[in-house]
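# Per-entry structural report
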Amino acid sequence: MNVKLGYGKTFLELQLADGMEVVLPKELPAAGPGEIERSLNHPMGKSLGEFQGCRSASILVSDITRPSPTHLLLPPLINVLKDIGIMDFMVVFALGTHRRMSIDEEKFLLKSSMSLPHIQHNPKACVPLGCTKRGTPVEILDSVASSDLIVATGNIEYHYYAGYSGGAKAVLPGVSSERSVIKNHELMRDPGAATGRLDSPVRQDMEDAAEIAGLDFILNVVQNSKEEIVQSVAGDFIQAHRAGAATVDAMYRRAVNPAEIVVTCAGGSPKDLNLFQAQKALDNAKHAVLPGGTIILVAECCEGLGNKVFERWARQATSAEDCWERFGREYEFGGHKAAFLARESMKHQLILVSSLPANVARMCFLQPARTLAEALALARERQGKDARILVMPHGNLTLATPK
């Protein structure tokens, strides 16, 4: 039996042998027609009907870097807003500190809703509203802050330092100032800022900021690997988000007996266009490997490293220890990925099967391999020919946790 591992627009085949175990998600099928409408008609903790009498609404939507199906979420949401008498609404692309999008990208995301009034977030046009318990300034886009109603849309999946995406994340970093985003992201240095943790200090800080900013309602979806909607959740930004997070866990949190070798896959294009994105699959696999074990990451990385700060930090580090120590005293977004790879390389052997030049892979604390066979040979050389092997074909989605 062979397992296919996504690699760019193709795949690599791994022939299963004794001592290999495949870790697969338990994905739900697509929900039936009307799932988004169902969630709006049966919200959790808070109903849009409570906001009858409001005159204006800001609707926060994801940018091009996220898989949220904005074009499906907006029509039923707009219908409900009109039903409660809100005719003055603005769709706001919650860019955070990401680059501005092109008109073609806006069209791709909005599709039939392109005629709706819409703007892109401007982190330099924010107004101060207070501070979170952890000292993060709450500064959000002026037009959003002045709205009577703030509604956030998005998708819920695992996130490597906020625990999960979705919910309050549309406000911070979505429509926040650069100062707010940087202060919040500094919290990722806390050990609790990890994938699948609702108590991540980063997420807790985001939710504190959303409360101060006045996030009134969310409409979020959970999708499977085919990007089909399996659940839509609506209502209070905590209660509805937690329901969606539970569905993510039911599909993708897998308890395993840690092994000496773990093979994880970033999922092919576009998930493995660069190492900055592909690192997520390695992060999801780190608890499936025994201390001192080997993690093999399969990711083509045809566009290189994907982030200039990430590359600079890796290039400037004299060692993995040096990079991780720098992260402890200095925060710069992008550098965190280099630091995370450095930290894991101090605990495990990290092997990368990619198209990156060998010297670039080594610079990022990874041992290069051109083929999967070469990577497995290197791993067995270190761990022994009889070492147990876990294979995570959907490593970008699946979170392995030790039994």
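Small disclaimer: the values here were computed from a predicted structure and weren't measured.

A few words now on the packing of aromatic side chains. Two aromatic rings are characterised by how far apart their centres lie and by the angle between their planes. According to the stated counting rule, one finds seven aromatic pairs in the structure shown. A centroid spacing of 4.8 Å and a plane angle of 90 degrees characterise the contact between Y160 and Y161, whose relative ring orientation is edge-to-face. Pairing F276 with F310 gives two aromatic rings, centres 6.0 Å apart and planes at 55 degrees, and the pair type is tilted. Taken together, the residues F276 in helix α8 (residues 275-285) and F310 in helix α9 (residues 308-316) connect sequence positions 34 residues apart.

Attention now moves to the side chain of T153. Turning to its location among the elements, T153 is positioned in strand β9 (residues 149-155). Among the polar contacts listed, one links the side chain of T153 to the backbone oxygen of L60, at a separation of 2.8 Å. Aside from chain neighbours lying at most four places away, what touches T153 is I59, L60, V61, S62, L73, L77, A170, L219 and N220.

Here we take up helix α11 (residues 335-347). Counted at 1.5 Å a residue, the expected span for α11 with its 13 residues is 18 Å, and the 19 Å between its end C-alpha atoms agrees. Burial within α11 is extensive, with ten of its 13 residues counted as buried. Residues of α11 that are buried include every one of G335, H336, K337, A338, A339, F340, L341, A342, R343 and E344, and no others. The inward-facing, buried residues of α11 contact α8, α9, α10 (320-329) and β17 (349-353).

Turning our attention to the sheet that holds strand β18 (residues 367-369). Taking strand neighbours across the sheet as the criterion, the six strands line up as β3-β19-β15-β16-β17-β18 in an open arrangement whose pairing is parallel. In this open sheet, the two strands that pair with only one neighbour each are β3 (20-22) and β18. Recorded for the sheet is a direction-independent mean angle of 20 degrees between the axes of neighbouring strands. Across the face of the sheet, α8 comes into contact with β15 (259-265), β16 (289-298), β17 and β19 (389-392) while running at roughly 145 degrees to β16.

About the criteria used
- Residues numbered from 1 in each chain as written.
- Predicted model: local features only at pLDDT ≥ 70, side-chain atom pairs only at ≥ 80, totals over all residues.
- Heavy atoms only, no water.
- Phe/Tyr/Trp six-rings, centres within 6.5 Å; stacked < 30°, edge-to-face > 60°.
- Helix = DSSP H or I, 4+ residues; strand = E, 2+ residues; numbered from the N terminus.
- Polar contact = N/O pair within 3.5 Å; in protein donor to acceptor, adjacent residues only side chain to side chain.
- Contact = heavy atoms within 4.5 Å.
- Expected span 1.5 Å × (residues − 1).
- Buried < 20%, exposed > 50% of the residue type's maximum accessible area, 1.4 Å probe, protein only.
- Pairing = 2+ DSSP bridges.
- Axes fitted to C-alpha atoms, helices over the stretch in contact; angles between N-to-C directions.

These figures come from the coordinates and say nothing about function on their own.
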